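Fold and geometry: a report
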Amino acid sequence: MIAVIQRVRQTRLSVDGKLISEIPFGLVVFLGVKSGDTKNQAETLAKKVSALRIFEDSAGKMNLSVKDVGGEILLVSQFTLLGDCSHGNRPSFSNAERPELAKPLYEYTAECLKSYDITVKKGVFGADMKIEQFNDGPVSIIYEI
């Protein structure tokens, strides 16, 4: 699995012009499921994301987690994170898991994140999503497991 984790303020996700999910502040987690990924990787990723200290404390140091600050998570499936651009100019997505296997792991990752008492909202797996995102910092972390 690979995740791009971004600290955000107001973020909205729509599909076909209809608002699907919205968070006031917290993290947007773009998740790519790699071929062969397992529930164990989803559990490890959820544990890391929930505890990642990338919010500022009273001294201005990144020392607090999304849970510490009462933030929410918007989890967005994004197979294009697994695009391989090493040969030619058209990315290969052969490392991405097939949708019928990736979707259950995406859903399981959301459930794992919720188990840490964090509000988790989701995108629509496989849909053409439009995301209005107000990055905070910006702070972006890439985590691969």
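Below, the structure is looked at part by part. All of these numbers come straight from a predicted model, not from anything done at the bench. (Residues numbered from 1 in each chain as written. Predicted model: local features only at pLDDT ≥ 70, side-chain atom pairs only at ≥ 80, totals over all residues. Heavy atoms only, no water.)

1. Here we look at the side chain of Ser50
Rules: A run of H or I in DSSP becomes a helix once it reaches four residues, and a run of E becomes a strand once it reaches two; helices and strands are each numbered from the N terminus. The contact rule is simple, with two residues in contact once any of their heavy atoms fall within 4.5 Å.
Looking at the secondary structure, you find Ser50 in helix H1 (residues 39-51). Residues in contact with Ser50, not counting those within four places in the same chain, are Ser65, Val66, Lys67, Leu113, Tyr116 and Ile118.

2. Section: the pattern of salt bridges
Our working definition: Any Lys or Arg side-chain nitrogen located within 4 Å of an Asp or Glu carboxyl oxygen qualifies as a salt bridge. Think of it in three bands: with a 1.4 Å probe and only protein chains considered, a residue is buried below 20% of the maximum accessible area for its type, exposed above 50%, and partly exposed in between.
All chains considered together, the criterion is met by 10 salt bridges. Here Glu111 makes a salt bridge to Lys114, at a shortest N to O gap of 3.4 Å. Taken together, the residues Glu111 and Lys114, both in helix H2 (residues 99-114) and 3 residues apart, mark about one turn of the helix. Residue classification places Glu111 among the partly exposed positions, given a relative accessible area of 44%. Classification of Lys114 as partly exposed rests on a relative accessible area of 33%.

3. Here's the deal with the packing of aromatic side chains
Worth spelling out the cut-off: Ring pairs shown here join Phe, Tyr and Trp side chains whose ring centres sit within 6.5 Å, with only the six-membered ring taken for Trp; geometry is labelled stacked below 30 degrees between planes, edge-to-face above 60, and tilted in between. Only when the NZ atom of a Lys or the CZ atom of an Arg is both within 6 Å of the ring centre and within 35 degrees of the ring normal do we say a charge sits over the ring.
Using the criterion set out here, one finds 2 aromatic pairs in the structure. Aromatic side chains Tyr106 and Phe125 sit 5.9 Å apart centroid to centroid with 45 degrees between the ring planes, which places their arrangement in the tilted category. Here Phe125 lies in the loop between strand E7 (120-122) and strand E8 (129-144) and Tyr106 lies in helix H2, a separation of 19 residues in the sequence. Over the aromatic face of Tyr108 sits the side chain of Lys39, whose NZ or CZ is 4.8 Å from the ring centroid.

4. A word on the environment of Leu45
As for its placement among the helices and strands, Leu45 is situated in helix H1. Along the chain, Leu45 and Asp84 lie 39 residues apart, while their C-alpha atoms are 22 Å from each other. Beyond its immediate sequence surroundings of up to four residues, Leu45 is in contact with Met1, Ala3, Leu31, Thr109, Tyr143 and Ile145.

5. Let's talk about the nonpolar core
Applied cut-off: By nonpolar core we mean a set of buried residues, namely Ala, Val, Leu, Ile, Met, Phe, Trp, Tyr and Cys, connected to one another through side-chain atoms within 4.5 Å.
Counting 27 residues, the largest nonpolar core has Ile5, Leu27, Val29, Leu31, Val49, Ile73 and Leu75 as its most contacted members. Secondary-structure elements contributing two or more residues to this core are strand E1 (2-15), strand E3 (26-32), H1, strand E6 (72-77), H2 and E8. Top contributing element to this core by residue count: H2, with 6 residues. Among the nonpolar cores identified, the runner-up in size contains 10 residues, and Val4, Phe30, Leu74 and Met129 belong to it.

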